[in-house]
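# Breakdown of the fold
Each chain is listed here by its residues.
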Amino acid sequence: MEMNTYTVPDITVRKNQGLTHAADFTLPQPWDRYTAEDHQTWATLYRRQSEMLPGRACDEFLQGLAALQVDAHQVPDFGRLNQTLMAATGWQIVAVPGLIPDDVFFEHLANRRFPVTWWLREPQQLDYLQEPDVFHDLFGHVPLLINPVFADYLQAYGKGGMKAKELGYLPLLARLYWYTVEFGLINTAQGMRIYGAGIVSSKSESVYSLESDSPNRVGFDLQRIMRTRYRIDTFQKTYFVIDSFQQLFEATAPDFTAVYHAVEQQGLLGAGEIDAQDRIFHVGNRVGWADTADA
């Protein structure tokens with residue numbers, strides 16, 4: 001999602017030079033723009049993440065990755081993936097130039113279209129890229145769209161986003177997306193696992209989120225999440241843990257208007273704060289926490 005203070009990075013401008021997009025920011029996947037280096041970068045990212053995620057990522061993510069038969073050796077063809085995705089849950093992916101305006105993003109989600117940045121990071125950026133690229137968007141997000149419950153959750157989020165923007169509560173809803181879709185953990189019978197795209201697409205955060213003593217791990221609570229600031233420049237100080245995707249869907253199914261009003265009365269929490277009402281899995285030791293401001 002686009003942040004109000006977002007400035008288009010040079011790499012986004014450079015990758016999209018000469019391309020045009022439709023009013024909804026979609027464009028045909030520009031296959032001829034991918035270089036041999038791009039395909040090699042994809043293969044490297046895919047290999048190292050797929051090797052480390054078993055035992056760390058949730059079963060639903062790994063099953064989705066397998067069901068989609070995501071290409072391990074080159075940037076995948078969006079059209080081929082859509083054949084499988086549409087048949088499974090009615091979703092499709094659409095190519096976009098990069099981050100897109102909030103209202104356009106929500107409109108796509110509400111209509112079961114997931115925007116995927118078409119271009120790929122460069123070799124010197126393997127470990128970190130602040131803006132989303134095709135590896136983050138496709139490898140990180142799309143496998144869970146095979147799961148019917150998560151697929152319905154994301155569509156409902158899109159519909160809720162359209163309303164939140166009208167009501168002026170977009171920052172609250174943005175925190176929900178951040179702490180679930182991007183950086184969520186799930187508690188399973190086999191142990192804690194990753195489902196958030198920002199984690200599964202990151203080698204270092206896949207380890208940190210589960211194994212480091214530094215961050216807090218706190219049980220999912222809708223209002224608590226909407227009150228909590230987050231990190232855009234470092235690993236997260238707090239991860240929120242759901243018990244199931246069904247819990248996530250049911251908690252976020254009702255109209256949020258009353259929830260927004262309730263949260264507004266409670267005040268914000270810093271990204272690393274522990275609240276007295278928290279269901280705590282782990283209190284972080286704060287080692288290595290940056291002192292820059294929370295978003």
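Scroll up a little and you will see the structure.
What comes next is a walk through the structure. (Residues numbered from 1 in each chain as written. Predicted model: local features only at pLDDT ≥ 70, side-chain atom pairs only at ≥ 80, totals over all residues. Heavy atoms only, no water.)

### Points about the environment of Pro30
Relative to the helices and strands, Pro30 is located in the loop between helix H1 (10–15) and helix H2 (36–52). Overall, the relative accessible area of 7% leaves Pro30 in the buried class. Separated by 65 residues in the primary sequence, Pro30 and Ala95 place their C-alpha atoms 8.7 Å from one another. Other than its neighbours up to four places away in sequence, Pro30 contacts Leu19 and Trp118. (Helix = DSSP H or I, 4+ residues; strand = E, 2+ residues; numbered from the N terminus. Buried < 20%, exposed > 50% of the residue type's maximum accessible area, 1.4 Å probe, protein only. Contact = heavy atoms within 4.5 Å.)

### A word on the pattern of salt bridges
Applying the stated criterion across every chain yields a total of 13 salt bridges. Across the pair Asp133 and Arg121 runs a salt bridge whose closest N-O atoms are separated by 2.8 Å. Of the two residues, Asp133 is situated in the loop between strand E2 (113–117) and helix H6 (134–141) and Arg121 in the loop between E2 and H6; the sequence distance between them amounts to 12 residues. By relative accessible area, Arg121 is classed as buried at 6%. Of the charged contacts, one joins Asp255 and Lys163 as a salt bridge, the two residues approaching to 2.4 Å between their closest N and O atoms. With Asp255 in the loop between helix H12 (245–252) and helix H13 (257–266) and Lys163 in helix H7 (residues 148–167), this pair connects stretches of sequence that are 92 residues apart. (Salt bridge = Lys/Arg side-chain N within 4 Å of Asp/Glu carboxyl O.)

### Some thoughts on the sheet that holds strand E7 (residues 280–282)
Backbone hydrogen bonds are what pair the strands of a sheet, in a parallel or an antiparallel way. The sheet built from five strands is open, its strands ordered E4-E3-E6-E5-E7 with mixed pairing. Edge positions in the open sheet fall to strand E4 (191–194) and E7, since each of these has one partner strand only. Direction aside, neighbouring strands of the sheet carry axes that sit 35° apart on average. Examined bridge by bridge, strand E5 (residues 216–219) and E7 share two bridges and lie antiparallel to one another. Along E7, the bridge assignment pairs Val218 with Ile280. Contacts from helix H10 (residues 203–211) reach strand E3 (185–188), E4, E5 and strand E6 (238–242) within the one sheet, and its direction differs from that of E4 by about 150°. (Pairing = 2+ DSSP bridges. Axes fitted to C-alpha atoms, helices over the stretch in contact; angles between N-to-C directions.)

### Comments concerning the packing of H7 against H12
Look at H7 against H12: their axes get within 9 Å of each other, and the N-to-C directions meet at 25°. In this view, H7 runs roughly parallel relative to H12, as classed from their interaxial angle. In the packing of H7 onto H12, the handedness of the crossing is left-handed. Contact with H7, carried on its side by Val149, Phe150, Asp152 and Tyr153, involves Phe245, Gln246, Leu248, Phe249 and Thr252 of H12 and no other residues of that element. Its residues assigned to classes, the contact of H7 with H12 comprises six nonpolar, two polar and one charged. (Parallel < 35°, antiparallel > 145°, perpendicular 65-115°, else oblique. Left-handed = near helix turned anticlockwise from the far one by under 90°. Nonpolar A, V, L, I, M, F, W, Y, C, P; charged D, E, K, R; others polar.)

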